[in-house]
Amino acid sequence: MAHARAKNKVKQANRGKTPVAARLYRTLRSVGIERCATCVLTFPARFLRIDHVKPLADGGRDVLGNLQILCVNCHRVKSATESTERAYAAREREGRYGI
């Protein structure tokens, strides 16, 4: 029973992470602290996120060279910007130009 709980906990921790990003995150957690690639401040691992430089949704690849370490705030801003750009591009493709 304990083994099943531990296995489920690992599944939940890796939810939404690609295999390469999950491997890098495990390494990051063992290191402890790292710098954000955007704001260049140093944070403990719990405040850092692994981010794809070119998102998978935009054709980016899941390789180490396409990953960067961002703090929670920089990751939130980058994700929101990408989401807005993706929505604008979709409207443009449909012929609706909203500003």
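Keep in mind that this is a model prediction, so the values were computed, not measured. The written sequence of each chain sets the order in which its residues are numbered from 1. The model is predicted, so local features are restricted to residues of pLDDT at least 70 and side-chain atom pairs to those at 80 or more, both for listing and for counting; the totals for chains, interfaces and linings are taken over all residues. Excluding hydrogens and water, the side-chain figures rest on all heavy atoms present in the structure.

**Regarding the state of the cysteines**
Here, two cysteine sulfur atoms that lie within 2.5 Å of each other are counted as a disulfide. All chains considered together, the criterion is met by 0 disulfides. Not engaged in a disulfide, the cysteine cysteine 71 finds its nearest cysteine sulfur in cysteine 74; these two sulfurs lie 3.5 Å apart.

**Observations concerning the pattern of salt bridges**
Here a salt bridge means any side-chain nitrogen of Lys or Arg lying within 4 Å of a carboxyl oxygen belonging to Asp or Glu. Taken as a whole and assessed by the stated rule, the structure comprises 3 salt bridges. Of the charged contacts, one joins aspartate 51 and lysine 78 as a salt bridge, the two residues approaching to 2.7 Å between their closest N and O atoms. Taken as a pair, aspartate 51 in strand S3 (residues 48–52) and lysine 78 in helix H3 (residues 72–93) lie far apart in primary sequence, 27 residues in all. Classification of aspartate 51 by relative accessible area gives buried; the value is 6%. Here the salt bridges share partners, and the residues they tie into one network are Asp51, Lys78 and Glu82. A run of H or I in DSSP counts as a helix once it spans at least four residues, and a run of E counts as a strand once it spans at least two, with each numbered from the N terminus. Think of it in three bands: with a 1.4 Å probe and only protein chains considered, a residue is buried below 20% of the maximum accessible area for its type, exposed above 50%, and partly exposed in between.

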